[in-house]
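Notes for the structure review
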Amino acid sequence: MSEEYDNYDENEYEEDYEEEEERTIEAPEVVTQFRMASEISDAALAFAASKCIPGAIIAEVCAEVDNFVEEESSKFYKRNPDILKGICIPTCISVNNESQYNSPSINNSDAVLAEGDMAKIEVGIHIDGEPVCAAFTVVIGQEEVTGRKADVMAAVCKAGEAVYKMLRPGVQAHEISRIVGEVAAEFDCRPVQGTMSHQVGYYILKGANCIPNRQEADVKYENFTVEENTVFNINILMSTGNGILHNGGERPSIFKRDFDYNDSLRTRSARQLRDEVEANSFNFMFSLRQYPGSHGLLGIKELTETYHVQAFPVLLEKKNEFIAQYSITVFVFPNHNQNISKLPAMQMINSEKQILSEEINEILNKSVEKKKRKKRKKKKKPAEE
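What counts and what doesn't
- Here the residue index of a chain counts from 1 through its sequence in written order.
- For this predicted model, a pLDDT threshold of at least 70 governs which residues receive local features, and a threshold of 80 or more governs which side-chain atom pairs are given and counted, while totals over whole chains, interfaces and linings are taken from all residues.
- The basis for every side-chain value is the complete set of non-hydrogen atoms in the structure, without hydrogens or water.
- Strands are runs of DSSP state E lasting at least two residues, helices are runs of H or I lasting at least four, and both sets are numbered from the N terminus onward.
- This radius of gyration counts C-alpha atoms alone. The globule rule is 2.2 Å times how many residues there are, raised to the power 0.38.
- Relative accessibility under 20% of the residue-type maximum defines a buried residue, over 50% an exposed one, and the middle range a partly exposed one, all with a 1.4 Å probe and only protein chains included.
- Per-residue accessibility takes into account occlusion by the displayed protein chains alone, with areas from the Shrake-Rupley method and a 1.4 Å probe.
- Positive charges come from Lys and Arg, negative ones from Asp and Glu, while His and the chain ends are left out of the count.
- In plain terms, the charge of a residue is placed at NZ if it is Lys, CZ if Arg, CG if Asp and CD if Glu.
- Residues adjacent in sequence count toward polar contacts only when both atoms are side-chain atoms; beyond that, a polar contact is any pair of N or O atoms within 3.5 Å, and within protein one must be able to donate a hydrogen and the other to accept it.
- Inter-axis angles, ranging from 0 to 180 degrees, are taken between N-to-C directions of lines fitted to C-alpha atoms, where helices are fitted over the stretch in contact.
- In this scheme, roughly parallel covers angles under 35 degrees and roughly antiparallel covers those over 145, while 65 to 115 is roughly perpendicular and the rest are oblique.
- Pairs of residues are marked as contacts when any of their non-hydrogen atoms sit within 4.5 Å.
- Residue polarity follows a fixed list, in which Ala, Val, Leu, Ile, Met, Phe, Trp, Tyr, Cys and Pro are nonpolar, Asp, Glu, Lys and Arg are charged, and the others, Gly among them, are polar.
- For two strands to be treated as a pair, DSSP must find at least two bridges joining them.
- Among the buried residues, those of types Ala, Val, Leu, Ile, Met, Phe, Trp, Tyr and Cys that are joined through side-chain atoms within 4.5 Å form a nonpolar core.
- As a per-residue measure, pLDDT reflects the predictor's confidence and takes values from 0 up to 100.
- Residues are called lining when one of their atoms sits within 4 Å of a cavity or pocket point, these points coming from a 1 Å grid over the protein atoms alone, where a cavity is a set in which a 1.4 Å probe fits but cannot get out and a pocket is an open set with protein on both sides within 12 Å along at least five of seven lines.
- Grid points are joined across faces, edges and corners, and a volume is the space filled by probe spheres set on the points.
- For salt bridges, the criterion is a side-chain nitrogen of Lys or Arg within 4 Å of an Asp or Glu carboxyl oxygen.
- Each Phe, Tyr or Trp ring, with Trp reduced to its six-membered ring, pairs with another whose centre is within 6.5 Å; inter-plane angles below 30 degrees give stacked pairs, above 60 give edge-to-face pairs, and intermediate values give tilted ones.

Counting secondary structure elements, the protein chain contains 8 helices and 16 strands. Whereas a compact globule of 385 residues would reach a radius of gyration of roughly 21 Å, the protein chain reaches 22 Å, a difference of no more than 12%. With respect to the three principal axes, the spread of C-alpha positions in the protein chain is 90 × 55 × 40 Å. Burial analysis of the protein chain (385 residues in total) assigns 54% to the buried set. Summed over all atoms, the accessible surface of the protein chain reaches about 19,600 Å², with 46% contributed by carbon and sulfur. Here the protein chain contributes 44 positive and 63 negative side-chain charges, whose respective centroids are spaced 5 Å apart.

Okay, structure coming up:
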């Protein structure tokens, strides 16, 4: 996987950035690191999809994919172990009416995938702090998807495509958010409450610039203008229900360090876990699979109670409703966009609904990719007499 980067001069990269104040995709080195991470992300999703079969234990699949990510990440920057790389979102497999962040440990969950389950598979990988996140939805054990499952899967794919086409310099975030809601309505679905796309950056998984999937009168998000040379994680979640979630009461399995809280901790387990998280996961999400041992289970309780760590619970839609997810990481260049995530091939989705809105269809028909230059034909030399 890493052959094309074998000749990359990591020492030259370090020298370049000693003088840089901000890292952007204007720098080829940053683009290279994002591409490294996307390579692993693509392979990890394909690997996860091959493991998601009827009867598979979700916790075991999550652990296998995480191990795969760590192994593949270790192939980069072998000469410089100080460069952090690996997981920035542990593998999540959220099923049916679960929204996101279902990443159970083997010792506390024996839930299995059943034929017909709608599984959202999500991964996040970073190379030296540059994060790539991606997710897609699959119906277990089926080649063709129909009915309401097909409606919601088609809705997230079309909404994700529309966001990608709209995400250009000068565009207002609230306009993109409006279109997401209108795409959902075309398929009689609803965007999921509290979910959004984010600008990402150096050790920043969820930047301040966010595009909510759902516009609500009582929740205000700060509008912003998309700028060039930025990177976004487009993350679309939609539901066949009303999209309003509730906490099912399951123990959270995904966490993130909150550096706003640095008070002293009472137990040695909590101090040990905090130090390990800061050294290895830093500002990214983590699961206790990455920190095995009694100190992990004991320490996480105090860390969450004292707000040193933020927990991400698995939120639920109503029973018998389905949530689908589509997530890619994209570059916004001055003259074009580029999707650096290659999701596995989708199943055949046969929704009876279609997009009738002229505005949305016009957006979907736009091209934002870099135009390929036509090769000039060489003029033939006149034949010698």
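Moving on, we come to the side chain of Thr-240. Tracing the backbone shows Thr-240 in the loop between β8 (230-239) and β9 (246-247). The exposure class assigned to Thr-240 is buried, which follows from its relative accessible area of 10%. Of note is the side chain of Thr-240, whose polar atom sits 2.6 Å from the side chain of Glu-321.

Two elements in contact, helix α6 (residues 268-280) and helix α7 (residues 294-305), have axes separated by 7 Å at closest approach and are oriented at 90°. By the criterion of interaxial angle, the relationship of α6 to α7 is roughly perpendicular. When α6 is examined against α7, the residues Ser-269, Ala-270, Gln-272, Leu-273, Arg-274 and Glu-276 are found in contact with a partner set consisting of His-295, Gly-296, Leu-298, Gly-299, Ile-300, Glu-302 and Leu-303. Classifying every residue of the contact of α6 with α7 gives 5 nonpolar, 5 polar and 3 charged.

A separate point is the sheet that holds strand β10 (residues 254-257). Pairing is antiparallel across the open sheet formed by 3 strands, whose spatial order is β11-β10-β12. The sheet is open, and its two borders are formed by β11 (285-286) and β12 (309-312), each paired with just one other strand. With respect to the sheet, α7 is in contact with β10, β11 and β12, its orientation differing from that of β12 by roughly 100°.

Bringing the nonpolar core into the picture now. Core analysis: the largest hydrophobic core is formed by 42 residues, its most contacted members being Leu-167, Phe-232, Ile-234, Ile-236 and Met-238. For this core, the secondary structure elements donating two or more residues are α4 (147-166), α5 (173-186), β8, β14 (323-332) and α8 (358-364). In terms of residue count, α4 provides more of this core than any other element does, 12 residues in total. Every residue in contact with Met-238, bar those within four places of it in the chain, is listed here: Val-152, Ala-155, Val-156, Ala-159, Val-180, Ala-184, Arg-190, Pro-191, Val-192, Phe-322, Ile-323 and Ala-324. With 41 residues, the next largest nonpolar core counts Ile-25, Val-31, Ala-48 and Ile-121 among its residues.

This part covers the confidence of the model for the protein chain. The share of residues in the protein chain with pLDDT of 70 or more is 91%, and the mean pLDDT across the chain is 90. Overall, residues 3-20 carries pLDDT values under 50, and its contacts beyond four positions in sequence, including any with other chains, amount to 27 contacts.

With that settled, the discussion passes to the pairing of strand β6 (residues 196-200). Burial of β6 is extensive: 4 of the 5 residues sit out of reach of the surface. Pairing geometry for β6 and strand β7 (residues 210-212), over 3 bridges, is antiparallel. Opposite His-198, over in β7, you have Cys-210 as the bridge partner. Pairing geometry for β6 and β8, over 3 bridges, is antiparallel. By the bridge assignment, His-198 is partnered in β8 with Asn-233.

What follows deals with empty space enclosed by the protein. Under the defined criterion, the tally for this structure stands at 1 cavity of 30 Å³ or more. Approximately 40 Å³ is the volume found for the largest cavity. Ile-89, Gln-100, Glu-122, Cys-133, His-198, Leu-205, Lys-206, Asn-233 and Asn-235 together form the lining of the largest cavity. Looking at side-chain class alone, the lining of the largest cavity contains 3 nonpolar, 4 polar and 2 charged residues.

According to the stated counting rule, one finds 16 salt bridges in the structure shown. Here Glu-278 ties to Arg-257 by a salt bridge, and the two come within 2.9 Å at their closest N and O atoms. Of the two residues, Glu-278 is situated in helix α6 and Arg-257 in strand β10; the sequence distance between them amounts to 21 residues. Accessibility expressed as a relative area gives 2% for Arg-257, which makes it buried. Of the charged contacts in the structure, one is a salt bridge between Glu-305 and Lys-301, with a shortest N-O distance of 2.7 Å. Of this pair, Glu-305 and Lys-301 both sit in helix α7, 4 residues apart, which is roughly one turn of that helix.

To continue, consider the packing of aromatic side chains. The tally for this structure, following the rule as stated, stands at 12 aromatic pairs. Judged by centre distance (5.6 Å) and plane angle (40°), the rings of Tyr-261 and Tyr-307 are tilted. With Tyr-261 in the loop between β10 and α6 and Tyr-307 in the loop between α7 and β12, this residue pair connects regions lying 46 residues apart in the sequence. Owing to a relative accessible area of 52%, Tyr-307 belongs among the exposed residues under this scheme. Chaining the aromatic ring pairs together yields one cluster made of Tyr-202, Tyr-203, Phe-259, Phe-282 and Phe-284.

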